[in-house]
Amino acid sequence: MKAGIVGCALVVASVAAFAADNAPLAATEQLFLEFLDARDASAYLETGHADEWDGARLDTWNERLRARHQVLAANLATLDAAALPPSEQAALAAIRVTLADFGAPEPAAAAEGARAAPRCNDRHDRALDYGGLSAALEDCFREIGNKLQFERRTIDRGNALGLWSDLEEPARRKALADSFQPLWTALNGNNEPDSPYRRLVRLAAAEEKTNGSGVTAAARAIGVTVDDVEQWLVQILAAWRDANPPELIEPWDYRYAMGEANRRLAPSFPPGAIITLNDRFYRDLGVDLAALGVVYDIKDRPGQSPLAYCDFLRRGRLTGTGAWQQTIARVVGRYEEGGLGSLNELVHENGHATHISGIRNRPAFTDWTDTLFTEAFADVTSWSVYEPAWQKKYLGTALPLEVSLRGLYGAAMLDVAWSLFELRLLRDPALDPNALWTEITREYLRIKPHPELAWWAVRVQLASPGYMVNYGLGSVLTAEMRRATVAAIGPFDAGNPRWHDWTREQLLRYGSEKSAKQLMDTLLGRPLSPAALLAEISRIR
Ligand SMILES: [Zn+2]
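Source: prediction; values computed, not measured.

**Description of the overall build of the chain**
Next up, step 1: Helix and strand counts for the chain come out as 26 helices and nine strands.
Next up, step 2: Its C-alpha radius of gyration of 23 Å places the chain within 12% of the 24 Å reference for a compact globule of 541 residues.
Next up, step 3: When the backbone C-alpha atoms are referred to their principal axes, the chain occupies close to 70 × 55 × 45 Å.
Next up, step 4: Residue burial in the chain is summarised as follows: out of 541 residues, 53% are buried.

**So, the coordination of the zinc ion**
Next up, step 1: All of the protein donors around the zinc ion are His348 (NE2), His352 (NE2) and Glu375 (OE); their distances to the metal are 2.1 to 2.2 Å.
Next up, step 2: Of note, the zinc ion draws all its donor residues from one chain, in the sequence arrangement H-x3-H-x22-E. Within this pair, whereas His348 is found in helix α17 (residues 340–357), its partner Glu375 is found in helix α18 (residues 371–382), the two being separated by 27 residues in sequence. Comparing His348 with Glu375, the two get one shared label, buried.

**Here we look at unusual backbone geometry**
Next up, step 1: Backbone geometry at Asn191 places phi at a positive 70 degrees, although glycine is not the residue there.
Next up, step 2: Along the chain, the position of Asn191 falls in the loop between α9 (181–188) and α10 (196–211).

**What to know about helix α12 (residues 226–242)**
Next up, step 1: The first and last C-alpha atoms of α12 sit 24 Å apart over 17 residues, in line with the 24 Å expected at 1.5 Å per residue.
Next up, step 2: Residues of α12 that are buried include every one of Val229, Glu230, Trp232, Leu233, Ile236, Leu237, Ala238, Ala239, Trp240 and Arg241, and no others.

**Digging into the sheet that holds strand β9 (residues 328–332)**
Next up, step 1: The strand order across the open sheet formed by three strands is β5-β9-β6, and the pairing between neighbours is mixed. The open sheet has two edge strands, β5 (295–297) and β6 (309–314), and neither has a second partner. For this sheet, the mean angle separating the axes of adjacent strands, direction not counted, is 25 degrees.
Next up, step 2: Summarising the sheet, β5 and β9 pair through three bridges and their orientation is parallel. By the bridge assignment, Tyr296 is partnered in β9 with Val331.
Next up, step 3: On the sheet, α17 packs against β5, β6 and β9 and is oriented at approximately 30 degrees with respect to β6.

**A word on the packing of helix α7 (residues 157–166) against helix α13 (residues 251–258)**
Next up, step 1: Axis separation between α7 and α13 bottoms out at 6 Å; the angle between their running directions is 70 degrees. Between α7 and α13, the angle is such that the two are roughly perpendicular. Within the contact between the two elements, α7 uses Leu161, Trp164, Ser165 and Asp166 and α13 uses Trp252, Arg255 and Tyr256.
Next up, step 2: Each residue belonging to the contact of α7 with α13 can be placed in one class, and the counts come to four nonpolar, one polar and two charged.

**Some thoughts on the pairing of β9**
Next up, step 1: Across the five residues that make up β9, a large majority, five, are buried.
Next up, step 2: The side-chain alternation of β9 yields two buried faces, one formed by Ile328, Arg330 and Val332 and the other by Ala329 and Val331.
Next up, step 3: Here five bridges tie β6 to β9, and the two strands are oriented antiparallel to one another. Looking at the pairing, Asp311 lines up with Arg330 of β9.

**Brief notes about the confidence of the model for the chain**
Next up, step 1: Summary statistics for the chain give a mean pLDDT of 92 and a share of 94% for residues scoring 70 or more.
Next up, step 2: Here residues 109–114 is a poorly scored stretch, pLDDT under 50, and it has three contacts once near neighbours within four places are set aside; other chains count.

**Points about the environment of Arg199**
Next up, step 1: Note that Arg199 resides in helix α10.
Next up, step 2: Arg199 sits in the buried class, given a relative accessible area of 10%.
Next up, step 3: On a C-alpha basis, the gap between Arg199 and Val71 in space is 39 Å, while along the polypeptide they are 128 residues apart.
Next up, step 4: When neighbours within four sequence positions are excluded, Arg199 is seen to be in contact with Arg123, His124, Asp125, Arg126, Leu133 and Asp194.
Next up, step 5: Here the side chain of Arg199 touches Arg123 through a polar contact of 2.7 Å, landing on its backbone oxygen.

How each quantity is defined
Residues numbered from 1 in each chain as written. Predicted model: local features only at pLDDT ≥ 70, side-chain atom pairs only at ≥ 80, totals over all residues. Heavy atoms only, no water. Helix = DSSP H or I, 4+ residues; strand = E, 2+ residues; numbered from the N terminus. Rg over C-alpha atoms; globule rule 2.2 N^0.38 Å. Buried < 20%, exposed > 50% of the residue type's maximum accessible area, 1.4 Å probe, protein only. Donors = N, O, S within 2.8 Å, 3.2 Å for Na, K, Ca; no water. Expected span 1.5 Å × (residues − 1). Pairing = 2+ DSSP bridges. Axes fitted to C-alpha atoms, helices over the stretch in contact; angles between N-to-C directions. Contact = heavy atoms within 4.5 Å. Parallel < 35°, antiparallel > 145°, perpendicular 65-115°, else oblique. Nonpolar A, V, L, I, M, F, W, Y, C, P; charged D, E, K, R; others polar. pLDDT = per-residue confidence, 0-100. Polar contact = N/O pair within 3.5 Å; in protein donor to acceptor, adjacent residues only side chain to side chain.

This is how it looks when you write it as structure tokens:
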């Protein structure tokens, strides 16, 4: 169905139909929504961006969270899933998935620190299970990664990654790599077989075998096997290799080599410009972010998250009068200054905000679609800023195509390389990670061998082996969605007022009801394939 207005009317009617009070899960879903309200408010107030939400402070919301979780759990325990019709069973399963993602709220005593999460210093503790060791290594990224020592000052990992593409002097780029050494040593010791990271990989592989998590989950989400995924990743990397010059470069020069677009467009971005450009681009796509009520925590302040993200602040729902009250999203990040790379990230986070604001479904499904789809969808718009059409309209200038696309896919190909790295490590946890990373990056990214360095360890997500594939494979979905969108409503890189309605109707309104595979199969009318991404990469040549 392509007509937005007809589509919306139908959606409202079906939302009203499933909200009938006599639905078998009506009471459960009401309790679920109340639990989510407390969870979302509590997560928001924990960030310190505001002192209260909806008239209550953090301690009140935390009390409500514990109480509502208990009431909901008691209600769920009384339900006999087998006695429910199939549609209600699916709704109940979705509620359980969302609940499992959050886990049980900590009891009041633990919340005050009685049972603290593992810290970086605990990484040598052999008693830690997968979750514990993963949390410890993630803490190393905070503990050490936020305090890298470079040129007699302290910088954080995120800034260091940005600097790598900006620093003109090769010696300074090398010195920046040296500043990562304490982090690399904390994670991977001297690359010995029982280094913290290599033990983590063994635990993650065992976890994946029992729970079907990680790469297995991502493959299942799109209905292919792990071997298919591996083949796609290799195809994509080979296309990239063939589109680039054959000379080998140093690992610390890779981001600089890919970052020419960023550097050349830097003068086009005065402070604050990216926020205005982001708003304008979305308005031209039919998305009024102010009207959606998105809450922004994007100004530098003490205690702000080092990672950019988007989350629910309040879930959408039907009101008593039958009107739809839409989701309120919140976006966190640092965007007071920055150029093309930062804008790309800001547009990505607002892609997430548009995604969850577009959900119109019963409470059971008012949640993210699977991670693979979610990350891929957020890139549908964020890739546009690297397109000449976008740059001409919003900056009044455009870079040569290959320079711009190298900026976009150069970073995406690192994600693909990490995906292949994790896939192979999880399949054979005895592999030497430094040697494997050296082999992959030498062959496909044309990077000089440095097996003595754990230079792969620069992303927090690597503390959860098997996660990176959500980004690496995500680019396959992104390229497919971008192409299908153009085929249906025409180009949108420089705006297209039909984009918002069409996207909501095709992809967003379902929330967690549909998987990436269901959404993509319907959108494409055929199985997903890497062909669209391969065609994009070949535009560089
Ligand atoms: Zn994201």
